[in-house]
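Now for the letters of each chain:
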Amino acid sequence: MKMPEKNPAEQIFNQFCEGYKQRNLTALLKLFTKNINMWGSGLDEYRVGLKEVEEQLKRDWSQAEKGEIEVVSFVPTSQDALWAAALCNAKITIEGKEHIFEHLRGTLIIEKENGIWKISHMHASFPDYRNVENGSFPVNG
C-alpha cells in the first residue's frame, strides 16, 4: 500500500521547522513570498515583507541560544490543499535552560511565486492560559 505524499504546504512547514532549528536565515527567507505576512506569538509580532520577517527571526534568535519547533501532528488536509496547520511543541534554550512550550498552534498558506511554492501567510500562537478549564474567554467570573 503506497502512503500518500505530504501536501506541498506540509513539506514547506517541515522545511521551515528545520531551517529554524538550524538558524539558517538564507534557507528560511527563500521559503517566503516577497509579500509574506507573519503573525507570531508575541503581542507585537505582526510582520509584513521579507525584511520584517528577517528582523523577527533575528530577534527570536537573539533571545535564545537554541530553538526548535517540533510538529506533534498535522491537521489532516487533502493532497492539493494550499495550507497546513499543526500542533507543535517549541523547545527553546534560554540562558542554558531548555524550556518546552506545548500547544503551539501553527498555520501557513502557500502560493506560487515565480513557479515555486512559498509561504504567503504564517501564524503561530498559544492558547490563552488565562481561560479557566472549559472556558472560551479569559474572563474570571
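Bear in mind that the values here come from a model prediction, so they are computed numbers and not experimental data.

Trainee: Looking at this structure, I do not really get the pattern of salt bridges. What am I missing?
Mentor: Two side chains of opposite charge can pair, provided their charged atoms sit close to one another. For the structure on display, the rule yields seven salt bridges. The salt bridge involving Lys118 is made with Glu113; its shortest N-O contact spans 3.4 Å. For Lys118, a relative accessible area of 15% corresponds to the buried category. Here the salt bridges share partners, and the residues they tie into one network are Asp44, Glu45 and Arg59.

Trainee: Would you mind showing me how to read the packing of aromatic side chains here?
Mentor: Centre-to-centre distance and the angle between the planes together describe a pair of aromatic rings. Inspection of the entire model under this criterion finds six aromatic pairs. Where Phe13 meets Phe74, the ring centres are 5.3 Å apart and the plane angle is 80°; that geometry is what we call edge-to-face. Remark: Phe74 occurs in strand S3 (residues 66-74) and Phe13 occurs in helix H1 (residues 8-22); sequence separation between them is 61 residues. Assessed through its relative accessible area of 6%, Phe13 is described here as buried. Taking the centre distance of 5.8 Å and the plane angle of 35° together, the rings of Phe16 and Tyr20 count as tilted. Taken as a pair, Phe16 and Tyr20 lie in helix H1 at a separation of four residues, close to a single helical turn. With respect to burial, Phe16 and Tyr20 carry one shared label: buried.

Trainee: Honestly, helix H3 (residues 50-62) in this entry has me stumped. Any pointers?
Mentor: Along an α-helix, residues three or four positions apart point the same way, because every turn accommodates 3.6 residues. Helix length check: H3, at 13 residues, gives a terminal C-alpha distance of 18 Å against a target of 18 Å (1.5 Å per residue), a fit within 8%. Of all the residues in H3, the buried ones are Val53, Glu54, Gln56, Leu57 and Trp61. Along H3, the residues classed as buried sweep out an arc of 160° about the axis, all on the same side. Residues of H3 that are exposed and angled more than 90 degrees away from the buried face: Lys51 and Ser62. Contact partners of the buried residues in H3: H1, helix H2 (25-29), strand S1 (32-39) and strand S2 (46-48).

Cut-offs and rules
- Residues numbered from 1 in each chain as written.
- Predicted model: local features only at pLDDT ≥ 70, side-chain atom pairs only at ≥ 80, totals over all residues.
- Heavy atoms only, no water.
- Salt bridge = Lys/Arg side-chain N within 4 Å of Asp/Glu carboxyl O.
- Buried < 20%, exposed > 50% of the residue type's maximum accessible area, 1.4 Å probe, protein only.
- Phe/Tyr/Trp six-rings, centres within 6.5 Å; stacked < 30°, edge-to-face > 60°.
- Helix = DSSP H or I, 4+ residues; strand = E, 2+ residues; numbered from the N terminus.
- Expected span 1.5 Å × (residues − 1).
- Arc of directions from axis to C-beta.
- Contact = heavy atoms within 4.5 Å.

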